[in-house]
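# Descriptive structure summary
One letter stands for each residue in the lines below.
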Amino acid sequence: MTLKIATYNVNGIKSRLPRLVEWLQETQPDVACLQEIKTGDATFPALAIEAAGYRCIWHGQRAHHGVAILSRDQPPVEVRRGLPGADEDLEARYLEADVHGLRVASVYLPNGNPQPGPRFDYKLAWYDRLIAHAATLIASGVPTVLAGDFNVVPTNADIYNAGTWRFDAVLQPETRERHERLLAQGWVDATRALHPRERVYTFWVNAEAYHRNAGFRMDFLLLSPSLASSLLATGVDASHRVREKPSDHAPVWITLDT
């Protein structure tokens, strides 16, 4: 049996709903983690998603941020919303659930611009909290997938031109160092596990950049160590980036042998 898990920063679920439903129907992931839904809990389009064949949970915020987990055949069972360590943080960026025998988290790291400044400080502090919580997931031994927009370009091979964006928060040494610390816990970057040297992008600032393939890789599916041997395939549904009124991100997916 295979299981397909995807992550997709939709950049506004209400305005992108036709694209989201189209993608779900065409690609049929078993689990889809969404980021930047940009809607409050009360206005999340659950009925439209259920009509497309998916059960869902969400952690919304009006006009900003927000994450969701969608599942075919069975409902995701919520484990946690929000990261531990800062009860005063009200930004909706993390949602964790048990589904299809796995622990799955939808993750939306802060962008951090402009840097230096308060938003960059918040990004780094949020990353530290993610690292701390991820360590507990590794220690639990539960097979886990961290899926989302991590707002980091890990290396210069993950962007078309690092020099042009060298002052952006996603390329700063402090951001990259935290991502390296996260991976050092044992998390497996699915894309790099199967495509170690390919130029793979998941985000393009506009359609013109897409057609030039001037992209970034910022969307990841990170697997806990016990899942590494189950990884069969991974890819990016890049063509969805340039359909009518698209997100600026493309969906990324993996298949696991379960």
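Cut-offs applied
Residues numbered from 1 in each chain as written. Predicted model: local features only at pLDDT ≥ 70, side-chain atom pairs only at ≥ 80, totals over all residues. Heavy atoms only, no water. Pairing = 2+ DSSP bridges. Helix = DSSP H or I, 4+ residues; strand = E, 2+ residues; numbered from the N terminus. Axes fitted to C-alpha atoms, helices over the stretch in contact; angles between N-to-C directions. Salt bridge = Lys/Arg side-chain N within 4 Å of Asp/Glu carboxyl O. Buried < 20%, exposed > 50% of the residue type's maximum accessible area, 1.4 Å probe, protein only. Core = buried A, V, L, I, M, F, W, Y, C linked by side-chain atoms within 4.5 Å. Contact = heavy atoms within 4.5 Å. Phe/Tyr/Trp six-rings, centres within 6.5 Å; stacked < 30°, edge-to-face > 60°. Lys NZ or Arg CZ within 6 Å of the ring centre and 35° of its normal. Polar contact = N/O pair within 3.5 Å; in protein donor to acceptor, adjacent residues only side chain to side chain.

This paragraph deals with the sheet that holds strand β2 (residues 31-35). Strand order in this open sheet of six strands is β3-β4-β2-β1-β12-β11, and the pairing throughout is mixed. Two strands bound the open sheet, and with one partner strand each, they are β3 (54-59) and β11 (231-236). Within this sheet the neighbouring strands show an average axis-to-axis angle of 15°, counted without direction. As defined by bridge partners, β3 adjoins strand β4 (residues 67-72) across six bridges and the pair is classed as antiparallel.

Turning our attention to the pattern of salt bridges. Applying the stated criterion to the full structure yields 20 salt bridges. Between R243 and E22 there is a salt bridge, and its shortest N-O distance comes to 3.1 Å. With a gap of 221 residues between them, R243 in the loop between β11 and β12 (252-257) and E22 in helix α1 (residues 17-27) connect regions that are remote in the sequence. Since its relative accessible area comes to 25%, R243 is described here as partly exposed. Given a relative accessible area of 22%, E22 falls into the partly exposed group. The residue R119 makes a salt bridge to E91 at a minimum N-O spacing of 2.9 Å. Of this pair, R119 sits in helix α3 (residues 118-140) while E91 sits in the loop between β5 (77-81) and β6 (94-99), and the two are 28 residues apart along the sequence. Accessibility expressed as a relative area gives 33% for R119, which makes it partly exposed. We classify E91 as buried; its relative accessible area is 18%. One salt-bridge network, held together by shared partners, links R19, E22, E26 and R243.

Moving on, we get to the nonpolar core. Generally speaking, nonpolar side chains in soluble globular proteins are found buried as a group. Core analysis: the largest hydrophobic core is formed by 23 residues, its most contacted members being I5, L102, V145, L221, I254 and L256. Elements represented by at least two residues in this core include exactly β1 (2-9), β2, β4, β6, β7 (102-108), β8 (144-149), β10 (219-223) and β12. Setting aside its immediate chain neighbours within four residues, I254 contacts L3, K4, I5, A190, L221, L223, L231, A233 and T234. Membership of the second largest hydrophobic core comes to 21 residues, among which are L20, W23, Y54 and C56.

So, on to the packing of aromatic side chains. According to the stated counting rule, one finds seven aromatic pairs in the structure shown. Ring geometry for W204 against Y210: centres 5.1 Å apart, planes inclined by 75°, an arrangement best described as edge-to-face. Across the pair, Y210 and W204 agree in class, each one buried. Ring pairing ties together the aromatic residues Y160, W165, F203 and F216, which thus form one cluster. The ring of W253 carries the charged tip of K4 above its face, separated from the ring centre by 4.9 Å.

Quick look at unusual backbone geometry now. Only a minority of non-glycine residues have a phi that is not negative, and only a minority of peptide bonds are not trans. With an omega of -5°, the peptide bond running from N113 to P114 counts as cis. For the bond running from Q115 to P116, omega is -5°, close enough to zero to count as cis. Note that P116 resides in the loop between β7 and α3. In this structure, E36 is a non-glycine residue whose phi angle is positive, near 50°. Tracing the chain through its elements places E36 in the loop between β2 and α2 (46-51). Of note, the phi angle at N151 is positive, near 45°, even though the residue is not glycine. Within the secondary structure, N151 is located in the loop between β8 and α4 (173-184). On the basis of relative accessibility, which here comes to 4%, the residue N151 falls in the buried class.

Counting through the fold element by element, T7 comes out in strand β1. The class for T7 is buried, based on a relative accessible area of 0%. For T7, the side chain forms a polar contact with the side chain of Q35, separated by 3.0 Å. In this structure, T7 is in contact with C33, Q35, A147, G148, F220, L221, A250, P251 and V252, ignoring residues within four places of it in sequence.

What follows covers the environment of W126. Mapping W126 onto the fold places it in helix α3. Residues W126 and C33 lie 93 residues apart in sequence; the distance between their C-alpha atoms is 19 Å. Those residues in contact with W126, other than ones at most four positions away along the chain, are L83, D89, R93, Y94, V107, Y108, L109 and P110.

Function cannot be inferred from these measures alone, as they are strictly geometric.
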